[in-house]
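The residues making up each chain are set out below.
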Amino acid sequence: MKALVWHGKQDIRCDRVSDPEIEDPRDAIIRVTSCAICGSDLHLFHNFIPAMLPGDIMGHEAMGEVVEVGSAAKSKLRTGDRIVVPFTIICGECDQCKRGNFSVCERTNRRKDLAEKVFGHTTAGLFGYTHLTGGYPGGQAEYLRVPFADATHIKVPDNLTDEQVLFLSDIFPTGWQAAAQCDIEPTDTVAIWGCGPVGQMAIRSAILLGAKQVVAIDCVPERLSMAEAGGAIPINFEEESVVGRLNDLTGGKGPEKCIDAVGLEAHVTPSLPDTLLDRAKQAMLMENDRPHVLREMIYVCRPAGIISIPGVYSGLVDKIPMGMAMNKGLTFRMGQTHVNRWTDDLLRRIEEGQIDPSFVITHTVGLEEGPEMYKVFRDKQDSCVKVVLKP
Amino acid sequence: MNMLAKAADIARSPGDPKVQSTGPSSLGAADRMARGLGWFSIGLGAAELLAANRVARGLGLEGYEWLIRGYGLREVASGVACLSANPLPGVTSRVAGDGLDILTLLPALRHDNPKRGNAELALLAVAGVTLLDVLCQQGLTRRHARPSGPRRDYRDRSGFPKGLAAARGAVRQAGEARPALPGIA
């Protein structure tokens, strides 16, 4: 079959690989009908997430038709079922899964030994990601083996298109969880850094959850125009002061809730000197991540406010003003998304026409064009916001 | 067949797909060239740092040893930047560094310099590398820059089929409880 394969830093190729095989009675195999390139795929593309190996298949946003089911998954799945695959692999039975904390499932990471050394404890297995999270082959391929498939799936009805439901795999629940973690009140201003796909979903989620005003911060005009369409007040940080404008919009008090939908690769610009320093330290391996957004959020957030972090961080960050955060009494909530915690509810909202996540798709191409689309998406060329691949 | 991918198969389980043949890479020619220049820069920088005395003697530039060590540091820093996710600033710094190198070598072309021949060769080499650096810089700019001009406007993409006004606060208006937060409390 064809698959997009990681061969090293910025080196993705559309390779011919052997087909996946059922390994465990709980496995299933799907024929992928749609998959997408995620912003966090770019962290792998740039080799900022450790423990990728040449030959790893990319992709953690995928859906398709079940073509083979292991004996222990047959009670939940049948050949021909149409499913979206959540990017977090879950057993559905461990203590964390029972609490709905699916992204820290205790059983599905097959490289638990590595994760325990690096993170202290294991987290869930993830598709198309580092070997710290199991090194499971990803869904940017014609076929995908779904481990623990009896629990790791979202069945979707035939009357919804792939484009409407594909993002239940990651970015829609990720944006929703980011907003839910803010515990939004009707009087709240929610400021969202980053208008990529997760930022766009977080904006819509904050609107649905009833924020008084939602503010979107980015420097790419077309992404800001999409944020504005979703109900956000745009701030272009290359044209105006983020802190000044947020204080203007909140009577000088700052936003109550702040969402970091940027993560470890904050934009580098001479007007923000800390971003230059972070870039240099990251290149010299003196720091893993570029945490400008975290610093700015801590500075501008209203005292006793909440900071929600769906953006991915990989390791060590420098110059985080913990004294400022502590004295302001800020609450931090973060983590990989507990996808299945939210998807029944979100699928209902799509079915009821409350939201249609397909608005974010700007490019649809075949798998062969995937390597080039990684570059286009990374460089934000051709007004690219979200790429869907059709294997 | 990529040998690194083959070697990494040891970390995969029997049912995982394995690479059989590889397709074209997302890396362009300019990206590969930047990497080559990055490693060259680090190598040259290390030589200048570790053997500044020999370099100075070889070019008839005695007394310039600390300057050569400084240039070595510059080369290493440029090289690291060339190997990063965005190599353009690194390659641009190399172009500027090439100019400095040429200016520094010019005094070594004086007629009374017994190592004038070496200096001429060095100048020729720097000129050649400068050409490569400029070509790489132009290639990277062409491949990765966001073209100026009209961009798409997505102001018609609300994502709310019933309209933005109906979406505002829809969860609360429907009498739904706020989503329960994850955690172990």
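Given the structure is predicted, the values throughout are model-derived calculations rather than measurements. Note on numbering: residues in each chain are counted from 1, in written sequence order. Lettering of chains starts at A and numbering of ligands starts at 1, both following the order in which they are written. Reporting in this predicted model follows two pLDDT cut-offs: at least 70 for local features of residues, and 80 or more for side-chain atom pairs to be given and counted; totals over whole chains, interfaces and linings ignore these cut-offs and use all residues. The side-chain quantities take in all heavy atoms of the structure and omit both hydrogens and water.

Caption draft 1: Summary view of the overall build of chain A. The numbering of helices and of strands both runs from the N terminus, where a helix is a DSSP run of H or I of at least 4 residues and a strand a run of E of at least 2. Summing up its helical and strand segments, chain A has 13 helices and 18 strands in all. A radius of gyration in this sense is built from C-alpha atoms; the matching globule rule multiplies 2.2 Å by the number of residues raised to 0.38. In summary, chain A has a C-alpha radius of gyration of 20 Å against a globular reference of 21 Å for 391 residues, a match within 12%. Burial classification: accessible surface area is computed with a 1.4 Å probe over protein chains only, and a residue below 20% of its type maximum counts as buried, one above 50% as exposed, and the rest as partly exposed. The proportion of buried residues among the 391 residues of chain A is 67%. Surface accessibility in these figures is a Shrake-Rupley result with a 1.4 Å probe; residues are shielded only by whichever protein chains are displayed. Total accessible area computed for chain A in this model is approximately 12800 Å², and 52% of it derives from carbon and sulfur atoms. Across chain A, the centroid of the 41 positively charged side chains sits 4 Å from that of the 53 negatively charged ones. In this tally, Lys and Arg are treated as positive and Asp and Glu as negative; His is ignored, and so are the chain termini. Here the site of a charge means atom NZ of a Lys, CZ of an Arg, CG of an Asp or CD of a Glu.

Caption draft 2: Layout of the confidence of the model for chain B. The quantity called pLDDT is the predictor's confidence in a given residue, expressed from 0 to 100. Per-residue confidence for chain B gives a mean pLDDT of 94, with 99% of residues at or over 70. Quick note on the complex model: pTM equals 0.95, ipTM equals 0.94.

Caption draft 3: Spotlight on unusual backbone geometry. Residue and element names in this part refer to chain A. Unlike most non-glycine residues, Ala-304 shows phi in positive territory, near 70°. Its location among the elements puts Ala-304 in the loop between helix H10 (292–300) and strand S15 (306–309). Looking at Ala-304, the relative accessible area reads 60%, which means it is exposed.

Caption draft 4: Inspection of the sheet that holds strand S13 (residues 232–236) of chain A at higher detail. All names here are of chain A. If DSSP finds at least two bridges between two strands, the strands pair. Across the sheet, which stays open at both edges, the six strands sit in the order S13-S12-S11-S14-S15-S16 with parallel pairing between neighbours. Strands with a single pairing partner mark the edges of an open sheet, and in this sheet they are S13 and strand S16 (331–334). Geometrically, the sheet is characterised by an average inter-axis angle of 20° between neighbouring strands, direction not taken into account. Looking at chain direction, S15 and S16 are connected through four bridges and run parallel. Directly across from Ile-309, in S16, lies its bridge partner Met-334. Sitting on the sheet, helix H8 (residues 242–249) touches strand S11 (189–193), strand S12 (213–218) and S13, and the angle it makes with S13 is about 150°. Axis geometry follows a simple rule: fit a line to the C-alpha atoms, using only the stretch in contact for helices, then measure angles between N-to-C directions, giving values from 0 to 180 degrees. Contacts are assigned to residue pairs that have any heavy atoms within 4.5 Å of one another.

Caption draft 5: Local environment of the nonpolar core. Residues and elements named next belong to chain A. Here, nonpolar core refers to any group of buried Ala, Val, Leu, Ile, Met, Phe, Trp, Tyr and Cys residues whose side-chain atoms link them within 4.5 Å. Residues Phe-167, Leu-168 and Val-360 are the most contacted members of the largest nonpolar core, which totals 108 residues. Top contributing element to this core by residue count: helix H6 (residues 197–208), with seven residues. By convention here, the domain bounds are inherited from an automatic or database domain assignment. No fewer than three residues from each of domain 1 (2–169 + 337–390) and domain 2 (172–334) sit in this core.

Caption draft 6: Layout of the domain arrangement of chain A. Residues and elements named next belong to chain A. Assigned domains within chain A: domain 1 (2–169 + 337–390) and domain 2 (172–334). One C-alpha centre belongs to domain 1, the other to domain 2; they are set 26 Å apart. Each partner contributes residues to the interface: domain 1 has 31 residues there, and domain 2 has 22 residues. The salt bridge definition used is simple: a Lys or Arg side-chain nitrogen within 4 Å of an Asp or Glu carboxyl oxygen. Linking domain 1 to domain 2 there are zero salt bridges.

Caption draft 7: Spatial organisation of the sheet that holds strand S1 (residues 2–8) of chain A. With antiparallel pairing, four strands are arranged side by side in an open sheet as S4(A)-S1(A)-S2(A)-S1(B). Both edges of this open sheet fall to strand S4 (56–57) of chain A together with strand S1 (19–21) of chain B, since each of them pairs with a single strand only. Two elements, S1(A) and S4(A), share two bridges in a ladder whose sense is antiparallel. The residue of S4(A) that forms the bridge with Trp6(A) is Asp56(A). Sheet strands in contact with helix H13 (residues 370–378) of chain A are S1 and strand S2 (11–17) of chain A, and its direction is about 160° off that of S2(A).

Caption draft 8: Just the state of the cysteines, in detail. Residue and element names in this part refer to chain A. The disulfide criterion is simple: two cysteine sulfur atoms within 2.5 Å. Applying the stated criterion across every chain, the model contains zero disulfides over all chains. The closest cysteine sulfur to the non-disulfide-bonded Cys-94 is located on Cys-97, 3.7 Å from its own sulfur. Residue classification places Cys-94 among the buried residues on the basis of a relative accessible area of 3%. In this structure Cys-219 is a free cysteine whose sulfur lies 9.6 Å from that of Cys-195, the closest cysteine sulfur available. Overall, Cys-219 belongs to the buried group, its relative accessible area being 13%.

Caption draft 9: Up close: the environment of Pro50(A). Residues and elements named next belong to chain A. Its location among the elements puts Pro-50 in the loop between helix H1 (39–45) and S4. Along the primary structure Pro-50 and Tyr-129 are separated by 79 residues, whereas in three dimensions their C-alpha atoms are 9.7 Å apart. Setting aside anything within four residues of it in sequence, one finds Pro-50 in contact with Thr-130 and Leu-132.

Caption draft 10: Representation of the packing of aromatic side chains in the model. Residue and element names in this part refer to chain A. Aromatic contacts are taken between Phe, Tyr and Trp rings whose centres are within 6.5 Å, Trp giving its six-membered ring; a plane angle under 30 degrees counts as stacked, one over 60 as edge-to-face, and the others as tilted. Summed over the entire model, instances satisfying the criterion amount to one aromatic pair over all chains. Ring centres of Phe-45 and Tyr-374 lie 5.4 Å apart, and the angle between their planes is 35°; this geometry places the pair in the tilted category. Placement of Phe-45 in helix H1 and of Tyr-374 in helix H13 is noted, with a sequence separation of 329 residues between them. The residues Phe-45 and Tyr-374 share a single accessibility class, namely buried. In our convention, an over-ring charge means Lys NZ or Arg CZ found within 6 Å of a ring centre and within 35 degrees of that ring's normal. Residue placement shows Arg-110 over the ring face of Tyr-136; its charged tip is 4.4 Å from the ring centre. For Arg-341, the ring lying beneath its charged end belongs to Trp-342, and the centroid distance is 5.4 Å.

Caption draft 11: Up close: the pattern of salt bridges. For the structure on display, the rule yields 44 salt bridges over all chains. Salt-bridge contacts for Asp318(A) lead to Lys281(A); the nearest nitrogen and oxygen are separated by 2.8 Å. Taken together, the residues span a long stretch of sequence, with Asp318(A) in the loop between S15 and helix H11 (322–328) and Lys281(A) in helix H9 (residues 273–283) at a distance of 37 residues. Put simply, Glu23(A), Asp27(A), Arg110(A), Arg145(A) and Asp16(B) are held in one network by salt bridges that share partners.

Caption draft 12: Region of the structure containing the packing of helix H5 (residues 88–105) of chain B against helix H6 (residues 116–144) of chain B. Residue and element names in this part refer to chain B. Where H5 meets H6, the closest approach of the two axes is 9 Å, and the angle between their N-to-C directions is 155°. Here H5 is positioned roughly antiparallel relative to H6, judged by the angle of their axes. As H5 packs across H6, the resulting crossing turns out to be left-handed. Every residue of H6 that contacts H5 at Leu-88, Val-91, Thr-92, Arg-94, Val-95, Asp-98, Asp-101, Ile-102 and Leu-105 is listed here: Ala-122, Leu-123, Val-126, Val-129, Thr-130, Asp-133, Val-134, Cys-136, Gln-137, Leu-140 and Thr-141. Tallied by class, the residues present in the contact of H5 with H6 amount to twelve nonpolar, four polar and four charged. If an angle is under 35 degrees, it is roughly parallel; if it is over 145, roughly antiparallel; if it lies from 65 to 115, roughly perpendicular; otherwise it is oblique. Helix crossings are classified by the rotation of the near helix relative to the far one: an anticlockwise turn of less than a right angle makes the crossing left-handed, while a clockwise turn makes it right-handed. For this classification, the nonpolar set comprises Ala, Val, Leu, Ile, Met, Phe, Trp, Tyr, Cys and Pro, the charged set comprises Asp, Glu, Lys and Arg, and every other residue, Gly included, is treated as polar.

Caption draft 13: Main features of the packing of H8(A) against H10(A). Residues and elements named next belong to chain A. For the pair H8 and H10, interaxial distance at closest approach is 11 Å and the crossing angle is 35°. Judged by the sense of rotation from one axis to the other, the crossing of H8 with H10 is right-handed. Every residue of H10 that contacts H8 at Val-242, Val-243, Leu-246 and Asn-247 is listed here: Glu-296, Tyr-299 and Val-300.

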